[in-house]
Structure formats: structure tokens, C-alpha cells
Amino acid sequence: MSIPIIAYTPPFEAALSRLTAELRGSYPLSLRSVALLLLAGDEEMQARVAREEAPRAAQIERILEEVRSRQTAPIAYRLAQQRQAASRELLRGVIRQERPNRVHLRDRLSRAMIDPWTGAPLLLAALAGLYFFVGVLGAQVLVGWLESAVFGQVLLPWAERLTHSIVPWTSIQALLVGPFGVFTLAFRYAFAVILPIVGTFFLAFALIEDSGYLPRLALLIDRLFKPLGLNGRAVIPMVLGFGCDTMATLVTRTLETRRERVIATMLLALAIPCSAQLGVVLGILAGHPGAVIVWAGSAVGILFLIGFLAARLLPGESPSFYMEIPPLRTPRLTSVILKTATRMEWYLREVLPMFVLVSVALWLVDQIGVLEHVVRLLQPAVRALGLPDQTATAFLLGFFRRDYGAAGLYDLRNIMDGNQRAVAAVTLTLFVPCLAQFGVMLHERGWKTALAILAFILPFAFLVGWLLSRTLAVLGVSL
Amino acid sequence: MKCTFCGFEFDPDQRQACPACPLSTNCGKACCPRCGYEAVRPSPLVELVRGWLGRGASGRAAVPRSETLRLSDLPVGQQASVLGLASTSESRQSARLVAMGLLPGVSIRLLRRSPAYVFAVGNSQFAVDERLAAQILVQPEQEVEP
């Protein structure tokens, strides 16, 4: 038997040897480690010991209870304290540390990011930078070039010619290059509309992530999130949601309580537009600054209103916030690029099959003529919002992928006026999560919660759209 | 309140020091009955303004050594050593605090209290909210660093 490095105080040592004497099962750790985990109240080890030592469970519990009753502080705390003392003893005389007295630029920057007075303007500046990089460079310049020059003039005509020369049947031609064709819809949306937006977003996000800004943002935002039943930690899934809500819904796992996870999942599904959607929505609203303000104001207002109500209605303990604040670092270019590339690859693997599937499904529905019926069902709702009938198709597509729906709406932007654009953008932002996000919601939150969220969002999105269009009409505003 | 000059505890509403003064009914100041030193009476507005100036409850004079405080009451910048946790229950919260290395004898320094409590322990910095900060008991070690 090896000699333990740390000798704990006599009461603990006595308990440890009594416990190890009771342990007969097989464990991947030494019996002493098992006994220590039991003392520290490790849940996983307790469950395992209960299985392995069933006949002696009562005796083991009695020993633990005896130790606990004699301690004034949690045992885990006492053990950690003794370990720390032992490690300090080991390091004494071996390590020397000099404390630099100079305040570095990065310390000052860090302080400025945290302080509400300087942090808020810095956050706005970061968001503005993000908007110009993703919203303007990605969603307008790159998308415009890829869509009209690369796809519109080179790839699509070529695909059309090829298809028409090889395939004689019109319905199969439509499957490939028709209005819902795999080339015209799936490939064009995936590569020309979505990829540049998501790519620029992932690049910007990797830079922000590697600089160490996110924990500081969490700290800055903590008090703002508390009334929503969330803590500062939730800033990470929320910001990620602006990239992809599906990914963000997965990341809500990092939140501690179920209550927080449910609230965050719902807010992501409701009020946080993903990067593709955001880019396209901003594209639709471009040139109508009033509409941008109405859209952003509605989304933020609803985020806080619904979060506040959810925090009131959902039972459970309010969250507590704690987080390590790592030092600020200059991001390493290679790791930023690598990370962006991996995420883009992940995204393509994720969406391309989905896009192809959706466009095949749409083609099928279109061929048998069901699509018109489904669209017709949505049309009264769309008309009530004062929107053109064609937007019904875009909303329907929105369920298959949010970005898909937004991109469909983008095609319709020229037949809508400012008010209609604002109403359409708000409704689409709130409207159902995409199929992938809903799948993740089912998986992460269970079908009851996921369906409840969906059942709330569907009518709510149209209700808000209707209220907005009424309000704008009554006030006589034209955006 | 406590006189900021001599440390005498007194009730500012009794106004023993200023019966003759005609302004005393609504006066925003309080005089120490022992030394006569004039200080601003605590009020929500005063605390708010102090908070803006970054010297709310925090910026007051350094707390004398050997007094047990919650981390949330420690003045910003003052070195202290951790005494332990306010609650003795075996909970998720205490596990978190242990994970941050907040063990008795470890030295700790509060860096800021707004928008959240940020403190330095060893070579790391952590942020916690008020509820957790109130769980950490500390003992001040030395004067506030400039």
C-alpha cells in the first residue's frame, strides 16, 4: 500500500480507515480515494457505493453521519482546507513570485469593460462592429456578390442548361432547377445567402471569444438579467443565439438550474434572431431606419417582458452568479481561423442535407398541389397583419429553417412598404424556431416543455405582429 | 451612525449636538455628540450619489483589523484573509466557493462591487453576485491600498 501524501486530521483519518475497512466492492480508484469522496459528499460515488456495498450501506452511512455531526463546517470544505495547507507546505521555499506593480493596458481595458459607464458604450461599439462586419460586409457585400455574380450569372445558368440537356421530364427538371429546386433553392441559400453571413459571424465570434471579453460581458450584464430569472452566465448562450439559435439552445446546458434553462430556451426561440435571420432582416429593413428602430425596440421589449413574466410564473430558486474572470488576451490568428473553419464545416454538414431535404419536400408538396392549401391556411393570418399574400410561403418556410424563411422574405422586400417590412421582420423574428432548433428543444428540454413553448410562440408572434400593424396604422406612422 | 472622525456610535435623529440651530429639523448633516464633527446624514439619495462616485458603503474608512466582515461589506482594495463561509450547510453554494479556492487563511482582495463583486484570490479573479459575496466571511488585514 502506498503512503498517502496528505495526512488529514485524526478524526478524518480515523473515519477513513473505518470506511476503507467496510469497502469490499471493486472501484477504479484506491479505497482511500473512494472513502474521501464519500466523506466529501460526492453524489456519484455515493450512488456507486450504495450499489457495490448494499449489505454494509447502513454501517457506512452511520460512520459518515458520526463524522458530519462533529463538524461545524461542510466536510468537503475542511478536506479542501487541509489539502491546500499540505500543498502550500510542499511548495514552500520552492516557488517565489514577484508581483508587478505596474498597471498594464490590458488591466485598464478590463476595468473599462466591466464598469457600467464605460462598459455599456464599449458593448455598443462591439455590437456596431459586429453589425458592420456581419450585417454589412457579410450579409450585403458578400451575399450580393455570391448571389448575383457567382450563382446568378455562372452557376445557375450552367446548372439549368445541363439539366435541360440531360433530363427530359419537366417535373424532374423542376426538382433540380425549378423554383423549389435543389440547385436554385437549397444550394443557393446554403452557399450564397447563409454561408457568408454565418462565416463572418463565426469569425467575429471566435475573436470575441478568444479575447476573454465574454466573462466580462457576463459580469456587466448580470444585474440586468436577474429580473429575467437568469444570471450573467446566460449571456453566452444569448450572444451565441445571434449566431445560431440551435447551437445556443444546446449551450443552455451550461446553466445550472432547470428553471434557467427553460427560460433561456424560450427566450432564444422567441426573441433572439440567428445570424442568418438577422442579416436578412436587416437587409429587408435597409433604408428604413424607423423600421429598424421599431423592430429592435419590439424584440428587446418582448425579450424583457416575457423573461420577466416567465421568472414570475416559473417556480424555483432564483439563480446565483459566479464566474472566473480570466485575463484579457490577444487572440491567436491561427486558432481563430481554425475555429471559424471548424464551425463553418459543422454548419454546412448540418444545414446542407436539411436544405436539400426541405427543397425536395417542398417540390413534392408543390407537385401534388398541397403547398397552395397550406399556404392558403396561413394567408388570413398574414392578411390580418397587412402583409402581401406571398409572405405566407416565407413564414411556412421559416419553420423548416428560420434563415430559409427570412431569405424568402428578403426576395419579397421590394413589394413591401416600410410598415409592412417592420411588421414582417418582427413577426418573423418572434415566429417559430426552425426545425433544427425545435429538434434540439425536444431533445434538451423534453417534449412537454418544447411543445408548450411552441404553443405559446405561434399565436403570440402573430398577435404581436397584428398589434404592431394596428398601432402603426392608428398612429398614422409610415416608416 | 458612526462618527467618521472619532468613531463614536450615535443616533443622528436625536440631534443632541444642535438644539440651538434653527435649521436642524431638516438639516442634512449630523454632528457627533462627542467630538462635534459634522458629517452627512445617511439617506437613500446620499447613498446613491456615493455609489456613483464609487465610494458607497465601500469607500468609507478602512475597517479596523480583526473585525469579521462579509466580503460584500469589505472596502474595495483592502487586503483580507478568508475566515470561512457564513452558512454551514453542505450545499452547492459552498462547493462553488471551495472550487474558487476560498479557504480559511487565503488572502483575498475585493476589486470592485459594481456591477458585480469582483475579487482576486491567488492569481485568479472571480466575479460573484451579492448573495454569494455575503456568504464569504473575511478578516481585514491591512490598510486600503492607494
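Above this text is the structure in question.
For every chain, the first residue of the written sequence is number 1, and numbering continues from 1 along that sequence. Lettering of chains starts at A and numbering of ligands starts at 1, both following the order in which they are written. Local features in this predicted model are restricted to residues whose pLDDT is 70 or higher, and side-chain atom pairs enter the listing and the counts only when it is 80 or higher, whereas totals over whole chains, interfaces and linings include all residues. The basis for every side-chain value is the complete set of non-hydrogen atoms in the structure, without hydrogens or water.

Draft legend 1. Molecular detail of the packing of helix H15 (residues 289-313) of chain A against helix H20 (residues 418-430) of chain A. Residue and element names in this part refer to chain A. All axes here are fitted lines through C-alpha atoms, helices being fitted over the stretch that makes contact, and every angle between N-to-C directions spans 0 to 180 degrees. Each helix is a run of DSSP H or I of at least 4 residues and each strand a run of E of at least 2, with the numbering of both proceeding from the N terminus. Relative to each other, H15 and H20 sit at 25°, their axes nearing to 9 Å. Relative to H20, the element H15 is oriented roughly parallel. Along this stretch, H15 crosses H20, giving a crossing that reads as right-handed. Taking contact as the criterion, the partners of Ala291, Val294, Trp295, Ser298 and Ile302 in H15 are, on H20, Gly418, Ala422, Ala425, Val426, Thr429 and Leu430. Residue composition of the contact of H15 with H20, by class: eight nonpolar, three polar and no charged. Angle categories are assigned with fixed cut-offs, so that under 35 degrees is roughly parallel, over 145 is roughly antiparallel, 65 to 115 is roughly perpendicular, and the rest are oblique. Each crossing gets its handedness from the near helix: less than a right angle anticlockwise from the far helix is left-handed, clockwise is right-handed. Contacts were defined at the residue level, with two residues in contact if any of their heavy atoms lie within 4.5 Å. The residue classification treats Ala, Val, Leu, Ile, Met, Phe, Trp, Tyr, Cys and Pro as nonpolar and Asp, Glu, Lys and Arg as charged. All others, Gly included, are polar.

Draft legend 2. Looking closely at the pairing of strand S8 (residues 136-140) of chain B. All names here are of chain B. Exposure categories follow from relative accessible area, calculated using a 1.4 Å probe and restricted to protein chains: below 20% of the type maximum is buried, above 50% is exposed, and the middle band is partly exposed. With burial as the criterion, only one face of S8 is covered, namely that bearing Ile136, Val138 and Pro140; the residues Leu137 and Gln139 on the opposite face remain uncovered. Here strand S3 (residues 69-70) pairs with S8 via two bridges, running antiparallel. Residue pairing across strands places Leu69 opposite Val138, the latter belonging to S8. If DSSP finds at least two bridges between two strands, the strands pair. As defined by bridge partners, strand S4 (residues 79-85) adjoins S8 across five bridges and the pair is classed as antiparallel. The residue bridging Gly84 from the neighbouring strand is Leu137, located in S8.

Draft legend 3. The arrangement of the interface of chain A and chain B in detail. Taken together, the 33 residues of chain A in the interface contact 31 residues of chain B. Summing both partners gives a buried area of about 2700 Å² for chain A against chain B, and 52% of it is carried by carbon and sulfur. Salt bridge criterion: a side-chain nitrogen from Lys or Arg within 4 Å of a carboxyl oxygen from Asp or Glu. Taken together, the connections running from chain A to chain B amount to two salt bridges. The salt bridge involving A:Lys226 is made with B:Asp129; its shortest N-O contact spans 2.8 Å. Polar contact is the term for a pair of N or O atoms within 3.5 Å; when the atoms are in protein, one must be able to donate a hydrogen and the other to accept it, and sequence-neighboring residues count only if both atoms are side-chain atoms. Counting across the interface, chain A meets chain B through eight residue pairs in polar contact (both at pLDDT 80 or more). A simple way to read buried area is as the amount of 1.4 Å-probe accessible surface that goes missing from two parts once joined, with both sides added.

Draft legend 4. Representation of the packing of H20(A) against helix H22 (residues 447-475) of chain A within the structure. Residues and elements named next belong to chain A. The geometry of H20 relative to H22 is characterised by a closest axis approach of 8 Å and an angle of 160° between their N-to-C directions. Relative to H22, the element H20 is oriented roughly antiparallel. Both H20 and H22 take part in a crossing whose hand is right-handed. Contact with H20, carried on its side by Asn419, Ala422, Val423, Val426, Thr427 and Leu430, involves Ile457, Ala461, Phe462, Val464, Gly465, Leu468, Ser469 and Leu472 of H22 and no other residues of that element. For the contact of H20 with H22, the class distribution of residues is 10 nonpolar, four polar and no charged.

Draft legend 5. Expanded view of the pattern of salt bridges. Residue and element names in this part refer to chain A. Scanning all chains against the criterion turns up 19 salt bridges over all chains. When the shortest N-O distance is used, the salt bridge between Arg68 and Glu65 registers 3.0 Å. In this pair, Arg68 and Glu65 are both assigned in helix H4 (residues 57-69), three residues apart and thus about one turn of the helix distant. Salt bridges linked by common partners bring Glu209, Asp210, Lys339 and Arg343 together as one network.

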